[in-house]
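An overview of the molecular structure
These are the residues of each chain, in order.
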Amino acid sequence: MEYTQLGRTGLKVSRLVLGTMNFGPQTDEADSHAIMDAALDAGINFFDTANVYGWGENKGRTETIIGDWFAKGGERRDKVVLATKVYGNMAADGGAAWPNHDKLSAVNIRRAVDASLKRLRTDHIDLYQFHHIDRATGFDEIWQAIDVLVQQGKILYAGSSNFPGYKIAQANETAARRGGTIGLVSEQCLYNLFERRAEMEVVPAAQEYGLGVIPWSPLHGGLLGGVIKKEVEGGRRGSGRAADSLADPAVRAKIQAYEDLLDKHGVEPGEAALAWLLTRPGVTGPIVGPRTAGQLESALRAVELELGDELLSGLDEIFPGPGPSPEAFAW
């Protein structure tokens, strides 16, 4: 496994991030624990979750599964850089949140971190991430709450998720004015070969302020994982985002060209999509969310995969990025 610093911090993390969103809803506890053991054995030390994972009536279930795994001992907690998130309504889907039980008020941040710590069965969270912007709460209030949690030893660093570039700037400028607040150290965003809009503003802002970029959905819901090849070889059609996207003939043609290019170079699509992200400036590591041990093994191969200049150029031709900002939208 390769390691890098998380943004401008001294924290050393693996170049693959273990995403746990499937733990509970799609992967039972025993298999989830086996995947976490395999990830740790492979050198992955960066685990990502969120308080709402488990979904539906089981929000919080994923954190509980991770907490039960930590409780097995074997230095599991000491070896893991643990990241979770705050923002979402913890009521069952369709239920209304009780006032101050969601978003980023100081009240909810304090309440939510204590609830996550209890479920995770740990005394601290290494990276506490804001899952979305809160248009009703100013960053002075947010940083006041975070400062208290840092002083209490409950969290070490703060990060963002799904933030636009201007909010990254606003958050860190507010932190700088307050003094003594480190500010955001990471941004977790939707970023992959198919979806490159983050390159316009989010990635440049993250680089400017020293945030590590943590891409989520690196295979774009399976679209970049060889979905057409799987259809042909196994008769298994894509589902969810991949199926919806392939219904567009233009998208299907683009994905076919992508799979043909990788077949020519003898590279598996899913591994290539992850390896491409590892070449991108500012990227700490993509989040991989395996449902099975086999999917984890495939992701691990991407770390050692080197993409040649010809292949990288071919990928850019199929999936051109927006270009630098502001040239991408101005003269």
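Just above, that's the structure.
In this report, we go over the structure that sits alongside the text. Source: prediction; values computed, not measured.

A word on the packing of aromatic side chains
Tallied over the entire structure, the rule returns eight aromatic pairs. Ring geometry for Phe139 versus Phe163: centroids 6.3 Å apart, planes at 55°, classification tilted. Residue Phe139 is found in helix α5 (residues 139-152), and its partner Phe163 is found in the loop between β7 (155-161) and α6 (165-178); the two are separated by 24 residues along the sequence. Here Phe194 and Phe319 contribute two aromatic rings whose centre-to-centre distance is 6.2 Å and whose plane-to-plane angle is 70°, an arrangement assigned as edge-to-face. With Phe194 in the loop between β8 (184-190) and α7 (202-208) and Phe319 in the segment after α13 (309-318), this residue pair connects regions lying 125 residues apart in the sequence. Judged by its relative accessible area of 27%, Phe194 falls in the partly exposed class. Through successive ring pairs, a cluster of aromatic residues spans Phe47, Trp69 and Phe70.

Quick word on the packing of helix α4 (residues 106-120) against α5
Close contact between α4 and α5 brings their axes to 9 Å; oriented N to C, the two are set at 30°. When the axis of α4 is compared with that of α5, the two are roughly parallel. Crossing hand, α4 versus α5: right-handed. Contacts between α4 and α5 involve Ala106, Ile109 and Val113 on the former and, on the latter, Glu141, Ile142, Gln144, Ala145, Ile146 and Leu149.

Topic: the layout of surface pockets
The computed volume of the second largest pocket comes to approximately 220 Å³. Lining of the second largest pocket is provided by 13 residues; of these, Cys189, Leu190, Arg197, Ala198 and Val202 occupy positions nearest its centre. With three residues, the single largest contributor to the lining of the second largest pocket is β8.

So, the sheet that holds strand β10 (residues 287-288)
The sheet built from eight strands is open, its strands ordered β9-β8-β7-β6-β5-β4-β3-β10 with parallel pairing. Two strands lie at the open edges of the sheet, namely β9 (212-216) and β10, each paired on one side alone. By the bridge criterion, four bridges tie strand β5 (residues 81-86) to strand β6 (residues 125-130) in an arrangement that is parallel. Each residue of the ladder has a partner; that of Val86, found in β6, is Phe130.

Points about the environment of Arg15
Along the chain, the position of Arg15 falls in the loop between β2 (12-14) and β3 (17-19). Measuring from C-alpha to C-alpha, the distance between Arg15 and Gly56 comes to 31 Å, with 41 residues separating the pair along the chain. Ignoring anything within four residues of it in the chain, the contact list for Arg15 reads Met1, Glu2, Tyr3, Thr4, Leu278, Val283, Thr284, Gly285 and Pro286. Within the local environment of Arg15, its side chain forms a polar contact with the backbone oxygen of Leu278, the two atoms lying 3.5 Å apart.

Re the pattern of salt bridges
With the rule as written, the count across this model stands at 18 salt bridges. With a shortest N-O distance of 2.8 Å, Asp48 and Lys85 are connected by a salt bridge. Placement of Asp48 in strand β4 (residues 46-48) and of Lys85 in strand β5 is noted, with a sequence separation of 37 residues between them. Both residues of the pair, Asp48 and Lys85, belong to the buried class. Here the salt bridges do not stand alone but share partners, grouping Arg196, Glu199, Arg280 and Asp316 into one network.

Overview of unusual backbone geometry
In this structure, the amide linkage connecting Ser325 to the following residue, Pro326, adopts the cis form with an omega of 10°. If you trace the backbone, Pro326 turns up in the segment after α13. Positioned with a positive phi, Arg121 is a non-glycine residue whose angle comes to about 55°. Here Arg121 lies in the loop between α4 and β6. A positive phi is found at Asn162, a non-glycine position, where the angle reads about 65°. The residue Asn162 is located in the loop between β7 and α6 in this model.

Details of the pairing of β6
For β6, the buried fraction is high: six of the six residues fall into the buried class. For the crossover that starts at β5, traverses α4 and ends in the parallel β6, the hand is right-handed. Direction of pairing for β6 relative to β7: parallel, over a ladder of five bridges. Bridging across to β7, Tyr128 finds its partner in Ala158.

A look at the nonpolar core
With 80 residues, the main nonpolar core has Phe130 and Ile146 as its most contacted residues. Residues contacting Phe130, with those up to four places away along its chain left out, are Val86, Leu104, Ile142, Trp143, Ile146, Ala158, Gly159, Ser160, Ser161, Phe163 and Leu184. In this structure, Leu6, Ala83, Tyr157 and Ile214 belong to the second largest nonpolar core, which totals twelve residues.

A word on helix α1 (residues 29-41)
The end-to-end C-alpha separation of α1 is 18 Å, in line with the 18 Å expected for 13 residues at 1.5 Å each. Residues of α1 that are buried include every one of Ser32, His33, Ile35, Met36, Ala39 and Leu40, and no others. Around the axis of α1, the buried residues are gathered within 160° of arc, so they sit on the same side. Structural note: α1 exposes Ala30 and Asp41 on the side pointing more than 90 degrees away from its buried face. Structurally, the start of α1 carries an N-cap: the backbone nitrogen of Ala30 is 3.4 Å from a side-chain oxygen of Asp28. Taken from the residues just after α1, Gly43 is the one with a positive phi, measuring 100°.

Rules and cut-offs
- Residues numbered from 1 in each chain as written.
- Predicted model: local features only at pLDDT ≥ 70, side-chain atom pairs only at ≥ 80, totals over all residues.
- Heavy atoms only, no water.
- Phe/Tyr/Trp six-rings, centres within 6.5 Å; stacked < 30°, edge-to-face > 60°.
- Helix = DSSP H or I, 4+ residues; strand = E, 2+ residues; numbered from the N terminus.
- Buried < 20%, exposed > 50% of the residue type's maximum accessible area, 1.4 Å probe, protein only.
- Axes fitted to C-alpha atoms, helices over the stretch in contact; angles between N-to-C directions.
- Parallel < 35°, antiparallel > 145°, perpendicular 65-115°, else oblique.
- Left-handed = near helix turned anticlockwise from the far one by under 90°.
- Contact = heavy atoms within 4.5 Å.
- 1 Å grid on protein atoms, 1.4 Å probe; cavity = no way out; pocket = protein on both sides within 12 Å on 5 of 7 lines; lining within 4 Å.
- Points joined across faces, edges and corners; volume = space filled by probe spheres on them.
- Pairing = 2+ DSSP bridges.
- Polar contact = N/O pair within 3.5 Å; in protein donor to acceptor, adjacent residues only side chain to side chain.
- Salt bridge = Lys/Arg side-chain N within 4 Å of Asp/Glu carboxyl O.
- Right-handed = clockwise from strand over helix to strand, strands pointing away.
- Core = buried A, V, L, I, M, F, W, Y, C linked by side-chain atoms within 4.5 Å.
- Expected span 1.5 Å × (residues − 1).
- Arc of directions from axis to C-beta.

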